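The residues making up each chain are set out below.
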Amino acid sequence: MPSKLQRFTDDGWAIWIDGDDKSTIYLNDWMNPKGKNYIDIGIRIYGVGRSSDATVFIPFPIEEKEVQDLSFLLANPSVLRGIFNTHSMDAIKITPYISVLNYEKRTFNLLHLNPDILDFHNVAYGTILTIQLKAVQNQLTSNELYILFRIPHKSLDNLFASRLDVNRSINRLKERISSPLEIRKYGYSIRINEARLLPPEINAIEPLHKQHLRKALVTISLDEAYELNDSNCYRIRRLEPDLYYDYAPTGYNCNNTITYQWVEERPVSVKAHYNFYFAITHSSINKKSLSVYLLVVLLTAVCGNAIYALVSYFAAWLIHLL
C-alpha cells in the first residue's frame, strides 16, 4: 500500500481597527512545501478618518526585521496590474508615510510602514503588531487606506518540515517495500477573530469583540504538482510570472503555480469572524522507495526461480528413485 503522511496546522488570527466597521482583510499565502513560506497581510480600511490604530495578532513569533513593507513595490505597473487586475492605475508618493493610488475613477491612500508607527509586543505564542494610524491622520487625502506587508509564515514552515520519527520511519519502510507511491496530506486552517482559537490575553481585548469586518479574502499560490480542495473557491487562475517576478518572495518559483482565492462576506451589522479550511495532497514516486521495491521484486523473482528449480530437481530425483 502507498506510504501516507498526514499533518495539520491551525492558524488563529485576530485583526481589529479602532473606529472602523467596514474593513476588508486579505491573506495571501505564498505556499512552498519544499522551501520557505510567506504570507502577505492586507487591510483595507474604509473609514480611516475615524481610526486610531490597526492591530494584528500573528499566531507565531515575529520580529520587526522580518516584516517587509510591500507598499513600495506597488510603484511597479506590472505589480499593480497583477494585484488589482486593472490596466489603468498609478501610485504617487506624496509623503514619507502616504502614497495615493488612482484607478478607475477611484482614489485611496497607501500606507508606508515606517518603523516609528509600528509597535511589536509578544503575547502567548504569537505577536501583536499595532500600526499607529493617528500618527498619519493629517497626511491622508482619502477616507480609504490600504496597508500591505509580508512576513514569513512560520506555521506553514513547521507543517511542511521533515521530522525524524523512529516508529513512523519503520512503518514507512514497510509501506515502501510494498509500494513506491508516497502520499502526503496536509490540513491547514485559517481562522480570523474566532475566540475559541485565540489565547486569553487576546480575548481579553475589548475592541476586538466589537469589530465588524465586512469581508475576508484568502489567496493561496501553490505549485500545480500539489492538489488543493477548491470546491468553494471563488477564483482559480495560473499565476502570471511576468507580472509577479518583482513581487513574489525571493526564491519563490512563479512558474507552474496555480493561484486559488476564497472570499467570505458578512453584513456590517453582524460581528464577523471567518473560518477557512484547506486540504493539500501531494502524490509522488519516491526514488529510494522505488529502488527498494524493485530490489524486493527482483530478489523475490530470483529466489522464486531458485526454489522452483530446487523443487523440480527434487521431484525428478524422487521419480527416478521410484
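See above for the structure.
A brief structural summary. (Residues numbered from 1 in each chain as written. Predicted model: local features only at pLDDT ≥ 70, side-chain atom pairs only at ≥ 80, totals over all residues. Heavy atoms only, no water.)

1. Things to note about helix H1 (residues 77-84)
The α-helix winds at 3.6 residues per turn, so residues separated by three or four positions along the chain end up facing the same way.
Then, in step 1: Buried within H1 we find Val 79, Leu 80, Gly 82 and Phe 84.
Then, in step 2: The opening residue of H1, the one whose side-chain oxygen lies 2.8 Å from the backbone nitrogen of Ser 78, is Asn 76.
Then, in step 3: Asn 85 sits one or two residues past H1 and shows a positive phi near 55 degrees. (Buried < 20%, exposed > 50% of the residue type's maximum accessible area, 1.4 Å probe, protein only. Helix = DSSP H or I, 4+ residues; strand = E, 2+ residues; numbered from the N terminus. Polar contact = N/O pair within 3.5 Å; in protein donor to acceptor, adjacent residues only side chain to side chain.)

2. A look at the pattern of salt bridges
Where charged atoms of side chains with opposite charge meet at close range, the side chains can pair.
Then, in step 1: What the rule picks out here adds up to 13 salt bridges.
Then, in step 2: With a shortest N-O distance of 3.1 Å, Glu 66 and Lys 154 are connected by a salt bridge. Residue Glu 66 is found in the loop between strand E4 (53-58) and strand E5 (68-69), and its partner Lys 154 is found in helix H2 (residues 154-160); the two are separated by 88 residues along the sequence.
Then, in step 3: Overall, Glu 66 belongs to the partly exposed group, its relative accessible area being 23%.
Then, in step 4: What makes Lys 154 partly exposed here is its relative accessible area of 29%.
Then, in step 5: Across the pair Arg 238 and Glu 224 runs a salt bridge, and its minimum N-O distance is 2.8 Å. In this pair, Arg 238 is assigned in strand E15 (residues 235-238) and Glu 224 in the loop between strand E13 (215-223) and strand E14 (227-228), connecting sequence segments 14 residues apart.
Then, in step 6: A relative accessible area of 44% means that Arg 238 is categorised as partly exposed.
Then, in step 7: Each of Asp 10, Arg 191, Glu 194 and Arg 196 takes part in a single network of salt bridges with overlapping partners. (Salt bridge = Lys/Arg side-chain N within 4 Å of Asp/Glu carboxyl O.)

3. Some details on the pairing of strand E10 (residues 126-132)
Then, in step 1: With respect to burial, E10 is a largely interior element, six of its seven residues being buried.
Then, in step 2: Note: E4 against E10, six bridges, orientation antiparallel. From the neighbouring strand, Ile 58 faces E10, where its bridge partner is Thr 127.
Then, in step 3: As paired elements, strand E9 (residues 118-123) and E10 share six bridges and run antiparallel to each other. Bridge pairing in E10 places Leu 118 opposite Ile 131.
Then, in step 4: With antiparallel pairing between neighbouring strands as the criterion, E9 and E10 make up a hairpin whose turn holds two residues, including Ala 124 at a positive phi of roughly 50 degrees. (Pairing = 2+ DSSP bridges.)

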